[in-house]
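Here is how the chains run, residue by residue.
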Amino acid sequence: MRVHLDHDRCREHGQCVYAAPAVFGWADDGSIEVLDHTPPDSMRSEVVSAAGLCPELAIVVEDDPADA
């Protein structure tokens, strides 16, 4: 799985940080950052939940072809 964050769409609501804190975090400037672009598949439900909670739809979760 690969996680992408569209920084142009993100408005730093922070729902992703609370839903998947091992994958998303706060940068020093107060913006959201992806801490782990390729989290393990065991975290899929957390990451998908975080993407679904984003009011700006700024998070994209893709299957990584390397995992197939």
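Everything discussed here concerns the structure shown above.
The notes below deal with the structure included here.

The rules behind the values
Residues numbered from 1 in each chain as written. Predicted model: local features only at pLDDT ≥ 70, side-chain atom pairs only at ≥ 80, totals over all residues. Heavy atoms only, no water. Buried < 20%, exposed > 50% of the residue type's maximum accessible area, 1.4 Å probe, protein only. Helix = DSSP H or I, 4+ residues; strand = E, 2+ residues; numbered from the N terminus. Arc of directions from axis to C-beta. Contact = heavy atoms within 4.5 Å.

**Description of helix H2 (residues 44–53)**
Helical geometry: 3.6 residues make up each α-helical turn, so side chains three or four residues apart lie on a common side.
Point 1. Of the residues making up H2, those classed as buried are Val47, Ala50 and Ala51. Down the axis of H2, the sector holding all buried residues measures 100°, keeping them to one side. Across H2 from its buried face, at more than 90 degrees, point the exposed residues Ser45 and Gly52.
Point 2. Looking at the buried residues of H2, the elements they touch are strand S1 (2–5), helix H1 (15–19), strand S2 (24–26) and strand S4 (59–62).

**Digging into the environment of Val3**
Point 1. Structurally, Val3 is set in strand S1.
Point 2. For Val3, a relative accessible area of 0% corresponds to the buried category.
Point 3. Sequence-wise, Val3 and Ala51 are 48 residues apart; in three dimensions their C-alpha atoms are separated by 9.3 Å.
Point 4. Excluding residues within four positions of it along the chain, Val3 makes contact with Val23, Phe24, Val34, Asp36, His37, Pro39, Val47, Ile59 and Val60.

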